[in-house]
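Reading the structure
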Amino acid sequence: MNDVWTPVPPADTPKWRARANEFASRRLEGRVRCPLCSESELRIAFSLDGPRAPRESGGLTFIGSGRYWEWCDGRHHYAYYPDSEVPHWAAAVCVRQASGTRDPSEVVRLLGER
Ligand SMILES: [Zn+2]
């Protein structure tokens, strides 16, 4: 597989979001196929940039501010969200990403090093 990361095209964003939201709602339990290539599963990781005391909102607990990435390993599709709250369930896939890279190559590496 190549190492070129491709952002989800705007025309494909609705179907990507629908699957990615389904994936997130399972809180890392279960698998969801990439809606673009159907070859591999969606992955998610967060960078917890501003950790703070847990806060409840809308039935979820948030542990700070940060960014997150969604991607598929097969064809390297990705989506990047630079301004987000980090939910408690995501603690297992939190890294500290210093560079601010939009594509997930660095977070994939950081996750692999843990
Ligand atoms: Zn894909």
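Preceding this section is the structure that the text describes.
To start, this report covers the structure provided alongside it. Note that the structure is a prediction, hence the values are computed from the model and not measured.

1. Brief notes about unusual backbone geometry
Excluding glycine, most residues fall at negative phi; most peptide bonds, likewise, are trans. Positive phi, normally seen in glycine, also occurs at S38, with a value near 60°. Locating S38 in the fold gives a position in the loop between helix 1 (13-25) and strand 2 (42-57). Residue S38 is classed as partly exposed on the basis of its relative accessible area, which comes to 46%. Phi is positive for H76, which is not a glycine, with a value near 60°. Mapped onto the elements of the fold, H76 is located in the loop between strand 3 (60-72) and strand 4 (77-87).

2. Comments concerning the pairing of strand 3
For strand 3, a buried count of ten out of 13 residues is recorded, marking the element as mostly surrounded by other parts of the structure. As paired elements, strand 2 and strand 3 share twelve bridges and run antiparallel to each other. Following the sheet pairing, I44 is matched in strand 3 by E70. Taking the residues that link successive antiparallel strands as the turn, the strand 2-strand 3 hairpin has two residues, and the phi of G58 there is positive, at about 60°. Alignment of strand 3 against strand 4, held across eight bridges, turns out to be antiparallel. Counterpart to F62 in the pairing with strand 4 is P87.

3. A short note on the coordination of the zinc ion
Angles at a metal have ideal values that depend on geometry: 109.5 degrees with four tetrahedral donors, 90 or 180 degrees with six octahedral donors. For the zinc ion, the protein coordination sphere consists of C34 (SG), C37 (SG), C72 (SG) and H77 (ND1), at 2.3 to 2.4 Å. Around the zinc ion sit four donor atoms, and with donor-metal-donor angles ranging over 99 to 127° the site reads as tetrahedral. Along the chain, the residues donating to the zinc ion fall in the pattern C-x2-C-x34-C-x4-H. One end of the pair, C37, is in the loop between helix 1 and strand 2; the other, H77, is in strand 4, with 40 residues separating them in the sequence. You can call H77 buried: its relative accessible area is 11%.

4. A closer look at helix 2 (residues 105-113)
Here helix 2 has its buried residues at E106, V107, L110 and L111. Down the axis of helix 2, the buried set is contained in an arc of 135°. They therefore lie on one face. Summarising the geometry of helix 2, the exposed residues directed more than 90 degrees from the buried face are G112 and E113. The inward-facing, buried residues of helix 2 contact strand 2, strand 3 and strand 5 (94-95).

Rules behind the numbers
Residues numbered from 1 in each chain as written. Predicted model: local features only at pLDDT ≥ 70, side-chain atom pairs only at ≥ 80, totals over all residues. Heavy atoms only, no water. Helix = DSSP H or I, 4+ residues; strand = E, 2+ residues; numbered from the N terminus. Buried < 20%, exposed > 50% of the residue type's maximum accessible area, 1.4 Å probe, protein only. Pairing = 2+ DSSP bridges. Donors = N, O, S within 2.8 Å, 3.2 Å for Na, K, Ca; no water. Tetrahedral: all angles 85-135°; square planar, octahedral: opposite > 155°, others 65-115°. Arc of directions from axis to C-beta. Contact = heavy atoms within 4.5 Å.

So yeah, pure geometry; function would need other evidence.
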